[in-house]
Amino acid sequence: MAMLQKNQLNELAEQMDEEIIAWRRYLHQHPEVSFHEEKTSQFVYDTLASFGGLELSRPTKTSVMARLIGPAPGKVLAIRADMDALPIEEENTFEFASQNPGAMHACGHDGHTAMLLGTAKVLAGLKEHIRGEVRFLFQHAEELFPGGAEEMVQAGVMEGVDLVIGTHLWSPLEAGKVGVVYGPMMASPDTFWIDVIGKGGHGGIPHQTVDSIAIGAQVVTNLQHIVSRNMDPLENVVVSIGQFTGGTTHNVIPGSVSMWGTVRSFDLQVRQDVPKLIERIVKGITEAHGASYTFRYEFGYRPVINEQEVTRVVEETVREVFGAEALELMKPSMVGEDFSAFQQKAPGCFFYVGAGNQEKGITYPHHHPRFTIDEDALVIGVKTFLHAAFKFLA
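Heads up: these notes are all about the structure in this document. (Residues numbered from 1 in each chain as written. Predicted model: local features only at pLDDT ≥ 70, side-chain atom pairs only at ≥ 80, totals over all residues. Heavy atoms only, no water.)

Quick notes on the overall build of the protein
No. 1: What the protein contains, in helices and strands, is 10 helices and 16 strands.
No. 2: In terms of overall size, the protein behaves like a compact globule, its C-alpha atoms giving a radius of gyration of 24 Å where 394 residues would be expected to give roughly 21 Å.
No. 3: Its C-alpha atoms put the protein at 85 × 45 × 40 Å along the principal axes.
No. 4: The buried share of the protein, reckoned over its 394 residues, is 54%.
No. 5: Contacts spanning at least 24 positions in sequence make up 80% of the contacts within the protein whose residues lie at least 6 apart.
No. 6: Accessible area of the protein: about 16900 Å², with a carbon and sulfur share of 51%. (Helix = DSSP H or I, 4+ residues; strand = E, 2+ residues; numbered from the N terminus. Rg over C-alpha atoms; globule rule 2.2 N^0.38 Å. Buried < 20%, exposed > 50% of the residue type's maximum accessible area, 1.4 Å probe, protein only. Contact = heavy atoms within 4.5 Å. Areas by Shrake-Rupley, 256 points an atom, 1.4 Å probe, with all protein chains shown as cover.)

Regarding the packing of aromatic side chains
No. 1: Counted according to the given criterion, the structure contains 12 aromatic pairs.
No. 2: Between W23 and F51, the ring centres sit 6.0 Å apart and the planes meet at 50°, which makes this aromatic pair tilted. In this pair, W23 is assigned in helix α2 (residues 17–29) and F51 in helix α3 (residues 38–51), connecting sequence segments 28 residues apart. Comparing W23 with F51 shows no difference in burial state: the two are buried.
No. 3: Taken together, the ring pairs connect F192, F295, Y297 and F299 into an aromatic cluster.
No. 4: The ring of W193 has R296 lying over it, and the distance from NZ or CZ to the ring centre is 3.8 Å. (Phe/Tyr/Trp six-rings, centres within 6.5 Å; stacked < 30°, edge-to-face > 60°. Lys NZ or Arg CZ within 6 Å of the ring centre and 35° of its normal.)

Focus on the environment of E174
No. 1: In this fold, E174 is placed in strand β5 (residues 163–174).
No. 2: A C-alpha to C-alpha distance of 8.6 Å links E174 and V353, two positions 179 residues apart in sequence.
No. 3: Apart from the residues within four sequence positions on either side, E174 is in contact with G354, A355, G356, N357 and Q358.

Some points on the state of the cysteines
No. 1: Overall, the coordinates contain 0 disulfides when judged by the stated rule.
No. 2: C107 supplies the cysteine sulfur nearest to C349, a cysteine that is in no disulfide, at a spacing of 18 Å. (Disulfide = S-S within 2.5 Å.)

Here's the deal with helix α1 (residues 6–15)
No. 1: Residues L9, N10 and A13 constitute the buried set of α1. Relative to the axis of α1, the buried residues are bounded by an arc of 100° and lie together on one face. (Arc of directions from axis to C-beta.)

Concerning the side chain of S188
No. 1: Here S188 lies in strand β8 (residues 188–197).
No. 2: Reaching out from S188, the side chain makes a polar contact with the side chain of R271 at a distance of 3.3 Å. (Polar contact = N/O pair within 3.5 Å; in protein donor to acceptor, adjacent residues only side chain to side chain.)

Section: α2
No. 1: Its 13 residues place the ends of α2 18 Å apart at the C-alpha level, agreeing with the 18 Å of an ideal helix rising 1.5 Å per residue.
No. 2: Taken as a whole, α2 has its buried residues at I20, I21, W23, R24, L27, H28 and Q29.
No. 3: Its buried side turned inward, α2 meets α1, α3, α4 (109–124) and α10 (376–393). (Expected span 1.5 Å × (residues − 1).)

Observations concerning the sheet that holds strand β10 (residues 237–245)
No. 1: Pairing is antiparallel across the open sheet formed by 4 strands, whose spatial order is β10-β12-β8-β13. Both edges of this open sheet fall to β10 and β13 (292–298), since each of them pairs with a single strand only. In this sheet, adjacent strand axes meet at a mean angle of 20° when their direction is disregarded.
No. 2: Judged from the 10 bridges that link them, β8 and strand β12 (residues 256–265) form a sheet pairing that is antiparallel. What sits directly across from S188, in β12, is S265.
No. 3: Helix-sheet contacts for helix α6 (residues 212–230) involve β8, β10 and β12, and the interaxial angle to β10 is about 165°.
No. 4: The strands that helix α7 (residues 268–288) touches are β8, β10, β12 and β13; relative to β13, the one it contacts most, it runs at about 170°. (Pairing = 2+ DSSP bridges. Axes fitted to C-alpha atoms, helices over the stretch in contact; angles between N-to-C directions.)

Observations concerning the packing of helix α8 (residues 308–322) against α10
No. 1: In contact at an axis separation of 9 Å, α8 and α10 are set at 120° when each is read in the N-to-C sense. Between α8 and α10, the crossing angle belongs to the class labelled oblique. With respect to the hand of their crossing, α8 and α10 are arranged in right-handed fashion. Between α8, through V310, V313, V314, E316, T317, V318, E320, V321 and F322, and α10, the contact on the second element is made entirely by I380, K383, T384, H387, A388, K391 and F392.
No. 2: Classifying every residue of the contact of α8 with α10 gives 9 nonpolar, 3 polar and 4 charged. (Parallel < 35°, antiparallel > 145°, perpendicular 65-115°, else oblique. Left-handed = near helix turned anticlockwise from the far one by under 90°. Nonpolar A, V, L, I, M, F, W, Y, C, P; charged D, E, K, R; others polar.)

Concerning the pattern of salt bridges
No. 1: Counting across every chain of the model gives 22 salt bridges.
No. 2: K391 is the partner of E320 in a salt bridge, and the nearest nitrogen-oxygen pair spans 3.3 Å. Residue E320 is located in helix α8, and its partner K391 is located in helix α10; the two are separated by 71 residues in the primary sequence.
No. 3: On the accessibility criterion, K391 (27% relative accessible area) is partly exposed.
No. 4: A salt bridge links D374 to K360; its shortest N-O distance comes to 3.0 Å. Of this pair, D374 sits in the loop between β16 (348–356) and α10 while K360 sits in the loop between β16 and α10, and the two are 14 residues apart along the sequence.
No. 5: For D374, a relative accessible area of 2% translates into the label buried.
No. 6: You can call K360 partly exposed: its relative accessible area is 48%.
No. 7: In the salt-bridge network here, residues are joined through shared partners; they are E309, R312, E316, E320 and K391. (Salt bridge = Lys/Arg side-chain N within 4 Å of Asp/Glu carboxyl O.)

Below you can see the structure in the form of structure tokens.
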């Protein structure tokens, strides 16, 4: 392994650049939403099979695992990429825009898959230099709870794995940068539903009603007290209502309103406390006004928490390969990611590869119908994976 120099790995990655971009564009053109990645996973499987030297399997119906086992014993490193698209109608007009109505790669998973394919091809060609094993996990259904990561873990893909890494192309970060976060990185995305049940009636005779809209509005404003007054101000917590529905016209007070919201947090105790606090507020407000309620809470993915030593190696890799100016030590984000399922089985690090570019007009946020990435970022992701792999297995 010592025989491989930094510039050799970089050259191998750069030679793959056009092929990686072509894979990304093909995947972008043929997106499939969560749990429906039949053609995507078959494309990945067939592409991996063409490299030779890999042991391939299908842990679940629409996921793929490739194992590269070197001639010398050593650690087992898993590298993960997600493959699913979003149920969004694409508004981009470039030639490789989505051909599947109502589906779009609006979060960069096409790029993640292409980067891991590129990494697998380079490492498959260097099999004699591998000490231990590299396990490539092509995951389905990151975007839709209960998620594909947990299914893959249940199928045994992490058995014997010593450490796991993964990346996310990140449009808020300029291409050329790599973002590293120590410790808590992404929050647990939990979901809740509230119905406020009052008594409907005429908008001009409100005293004969139990106004579900007025009561529901109080619920929304009082839920903000959970973060501002019930939580330690040093804790990272978000409570947001994303949907509030009720009523059919201007002069009828509806009998009920419905709310749909999200809670984001990192701490296990906070995560257990918040649903109790939500229900206490809803119960108190509805009782005070003669209404009733229903409440449902669903725990989503666990928070992504990066292990110190694995993260240190990723940071060291970025500094050595791209220079200190490329490294961005970043704060935690309150978005969610099911990469956390793999981290329950082995210490891991999830990192960002910058994919935005102001000069090229690549500025749209993730999940936007005009989202895209700077394709110059793809080879940066591959180089990071390659160099990190040899560092971890050395």
